[in-house]
Amino acid sequence: MNSHTVDLAGAVHYVDFGGPAAGPVVVYVHGLGGSHLNWTRLAPLLGDQVRGYALDLAGFGLTEPHGRRTSVGANAELLLRFLDEVVREPVVLVGNSMGGMVSILAAAHDPAKVRALALVDPTLPLAEGARVDPVVRRQFTVHAIPGLGEWSLRRRLARVPVKDRVGHVLALCFSDLSRIPPEIVTAGIALEERRATQPRRAESYLEAARSILRGVGRSEHRRRMAELTQPVLLIHGVHDRLVPIESARATSAAHPQWHYVELNAGHTPQIEVPEQVADEIRPWLARL
């Protein structure tokens, strides 16, 4: 895994996972609060089949905002520019959580740049009757309120130890805490400590979070999914606390041409059960 920085109206950090020169190109797109680290367990499992890249979206990982917007729409534009200026050929997008939503927007806006999409527990419209986890509901309710969201997140960043913050996120995203790899915890803590001096962290996160809430509440997200002409693989953890499994099932029913798979996992199967995710992506890629 080689780390790079490219200037796309400001520095953008990405990693190159390598892979066969003749293989298809996969670009991995992380979720809210995530980074390139979210793909370090899955990408090596696909490394003999694809060339892989993972970028840090604006406001996340090692990509500072540098005056750029950090909303889902703005990061979809950044992703397309990354494809234009770094990859320079049509790609397969593999997006998790917010990264799935960003990938959908990018693929619908410029389908010539995206061959196919593998959506791993992507942000989806809330299905009728779906149960929202109370911890998630409370967290996003606070984040949605101007002023209160900023105060709450700044206070958390200042007062809660890095190890506890990382542990909380992993506990929310994993269905089985015994599956959390120690190296993921260590890498997450190191990245958080490295990001400590980044400016406007709370504002960047909240702009992205609020754009997600606006997006899932509007018909535009459904329309963008309906516009996709590329092959789509939808993988979803049945124990996802952030995007209920009912939403994935409703989305699959609305798009019967998509290939749909459920896994015994939480919100980040690519970290929790990477071998199972790779086992689903490998044959699907081979059929493209």
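In this text, all values refer to a predicted model and were calculated from it rather than measured experimentally.

Calculation criteria
- Residues numbered from 1 in each chain as written.
- Predicted model: local features only at pLDDT ≥ 70, side-chain atom pairs only at ≥ 80, totals over all residues.
- Heavy atoms only, no water.
- Buried < 20%, exposed > 50% of the residue type's maximum accessible area, 1.4 Å probe, protein only.
- Helix = DSSP H or I, 4+ residues; strand = E, 2+ residues; numbered from the N terminus.
- Pairing = 2+ DSSP bridges.
- Polar contact = N/O pair within 3.5 Å; in protein donor to acceptor, adjacent residues only side chain to side chain.
- Contact = heavy atoms within 4.5 Å.
- Right-handed = clockwise from strand over helix to strand, strands pointing away.
- Axes fitted to C-alpha atoms, helices over the stretch in contact; angles between N-to-C directions.
- Core = buried A, V, L, I, M, F, W, Y, C linked by side-chain atoms within 4.5 Å.

(A) Examining the pairing of strand β4 (residues 51-55) more closely. Summarising burial for β4: five of the five residues are buried, a large majority. Alternating positions in β4 separate into two faces, Arg51, Tyr53 and Leu55 on one and Gly52 and Ala54 on the other, with burial throughout. Alignment of strand β2 (residues 11-18) against β4, held across four bridges, turns out to be antiparallel. Note that in β4 the partner of Tyr14 across the bridge is Leu55.

(B) Region of interest: the side chain of Gln198. By the secondary structure assignment, Gln198 is in the loop between α7 (182-194) and α8 (201-216). Looking at Gln198, the relative accessible area reads 10%, which means it is buried. At 3.1 Å, the side chain of Gln198 forms a polar contact with the backbone oxygen of Gly61. If we ignore the near neighbours within four places in the chain, the residues touching Gln198 are Gly61, Leu62 and Glu64.

(C) Examining the pairing of strand β6 (residues 114-122) more closely. Buried residues dominate β6, accounting for eight of its nine residues. This β-α-β element, strand β5 (residues 91-97) to helix α3 (residues 98-109) to β6, shows right-handed connectivity. In this structure, β6 lies alongside strand β7 (residues 232-237), joined through four bridges in parallel fashion. Bridged to Leu119 within β7 is Leu234.

(D) Inspection of unusual backbone geometry at higher detail. For Ser97, which is not glycine, the phi torsion reads 55° and is therefore positive. As for its position among the elements, Ser97 is in strand β5. One non-glycine residue, Arg200, lies in the positive phi region at around 55°. Looking at the element boundaries, Arg200 is found in the loop between α7 and α8.

(E) How the structure looks around the sheet that holds β5. Across the sheet, which stays open at both edges, the eight strands sit in the order β1-β2-β4-β3-β5-β6-β7-β8 with mixed pairing between neighbours. Looking at the sheet topology across the chains shown, the edges are occupied by β1 (2-7) and β8 (259-263). Adjacent strand axes in the sheet meet at a mean angle of 20°, parallel and antiparallel pairs treated alike. Lying on the sheet, helix α2 (residues 72-87) is in contact with β1, β2, β3 (25-29), β4, β5 and β6; it crosses β3 at an angle near 145°.

(F) Expanded view of the environment of Ala196. Here Ala196 lies in the loop between α7 and α8. Judged by relative accessible area, which is 55%, Ala196 ranks as exposed. Put simply, Ala196 and Ile180 are 16 residues apart on the chain and 23 Å apart in space, counted from C-alpha to C-alpha.

(G) Focus on the nonpolar core. Counting 54 residues, the largest nonpolar core has Val27, Leu32, Leu79, Phe82, Leu83 and Met98 as its most contacted members. Among the elements that take part in this core, α2 stands out by supplying nine residues, more than any other. Of all hydrophobic cores here, the second largest spans 26 residues; its members include Ala54, Ile235, Val261 and Ala265.

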